Amino acid sequence: MVGPIPAMLRGLIDDAALFPPGNAALEAAVPAHRGYRQSWYEAMVGPLLVPQSRLAELEPGRGELHIGVVVDGDLEQVAADVAALPPQVDVLHFESRHALDHLVKFAPAWGRPVYAELPFGDDALDAVRATGFTPKFRTGGIAAEFFPAPETLAAAIAGCRLRGLQFKLTAGLHNAVRHRDPVTGFDHHGFLNVLVAAADASDGAITDDIAATLASTDAEDLADRARRVLDRPRALWTGFGSCSIDEPLTDLTGLGLLHRGGNV
């Protein structure tokens, strides 16, 4: 059902429940994901992300199960691992941290979109442009260095627009608005910041303005700006993986950008 979910939020969040810091058990993650598929916010949730190394453990249950495969093993083995999946499992895409020169040897044969995790910088964007893969950037982790500065992420977003590329993000984006975690002291990017910044970038915003939006902690202003673009599909940002679906949902409803009866 897609009724209450505006275009800008559709397919925004891939279900990364199996990954840190959630680390859900596979036998719990699958039924939970099926629950999302039956919810009023179903259209906001992308596939369940499953590591290649755990595909053999996957018990999908009845009915079709859409997944994204995170390639954490041998590239040579991916096709065989996918071929061994039950017929009701539909692989929508692949994600990989393998070096591009290795990935290009095998990934084209997989027959699905590939998100290649890259370091930040123009050289990486130039390299991925010729492959047909979509860049994926890490925006969080277990140490402060995994959280890029707003200027760094802004340059990547602007660089993707310049090269005609989309991008995906992963890690650290459970909450809508940029904030400092009181336990770790890490400054987390907000997914609403990215949503607005990417929309502005697609309209030609300069890197400094994109960075300013990413750095903002003004939830009311960001929500107001988001409302202006909610009915537009995302042009640059494909979305992000999150081990929590409930936290982003709670923030969006709390900001008045989403509710069960329809968007405001």
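Whatever comes next refers back to the structure up there.
Residues numbered from 1 in each chain as written. Predicted model: local features only at pLDDT ≥ 70, side-chain atom pairs only at ≥ 80, totals over all residues. Heavy atoms only, no water.

K.L.:
With reference to specific residues and values, describe helix α7 (residues 207-215).
P.N.:
Every buried residue of α7 is listed here: Ile210, Ala211, Thr213 and Leu214. One face of α7 carries all of its buried residues, which in axial projection span an arc of 160 degrees. (Buried < 20%, exposed > 50% of the residue type's maximum accessible area, 1.4 Å probe, protein only. Helix = DSSP H or I, 4+ residues; strand = E, 2+ residues; numbered from the N terminus. Arc of directions from axis to C-beta.)

K.L.:
With reference to specific residues and values, describe the nonpolar core.
P.N.:
Counting 80 residues, the largest nonpolar core has Leu12, Ile67, Trp110, Phe167, Leu169, Ile210 and Trp237 as its most contacted members. Among the elements that line this core, the one with the most residues is helix α6 (residues 191-202), at nine residues. Setting aside residues no more than four positions away along its own chain, Leu12 makes contact with Met44, Phe191, Leu195, Arg234, Trp237, Gly239 and Phe240. (Core = buried A, V, L, I, M, F, W, Y, C linked by side-chain atoms within 4.5 Å. Contact = heavy atoms within 4.5 Å.)

K.L.:
Go over the packing of α6 against helix α8 (residues 219-227) with me, naming the residues and quoting the values.
P.N.:
It is the contact of α6 with α8, at a shortest axis distance of 10 Å, that shows an interaxial angle of 45 degrees. Judged on the interaxial angle alone, α8 and α6 are oblique. The two elements α6 and α8 cross, and the hand of that crossing is left-handed. Across from Leu192, Asn193, Val196 and Asp200 in α6, the residues of α8 making contact are Leu222, Ala223, Arg225 and Ala226. Per-class residue counts for the contact of α6 with α8 are five nonpolar, one polar and two charged. (Axes fitted to C-alpha atoms, helices over the stretch in contact; angles between N-to-C directions. Parallel < 35°, antiparallel > 145°, perpendicular 65-115°, else oblique. Left-handed = near helix turned anticlockwise from the far one by under 90°. Nonpolar A, V, L, I, M, F, W, Y, C, P; charged D, E, K, R; others polar.)

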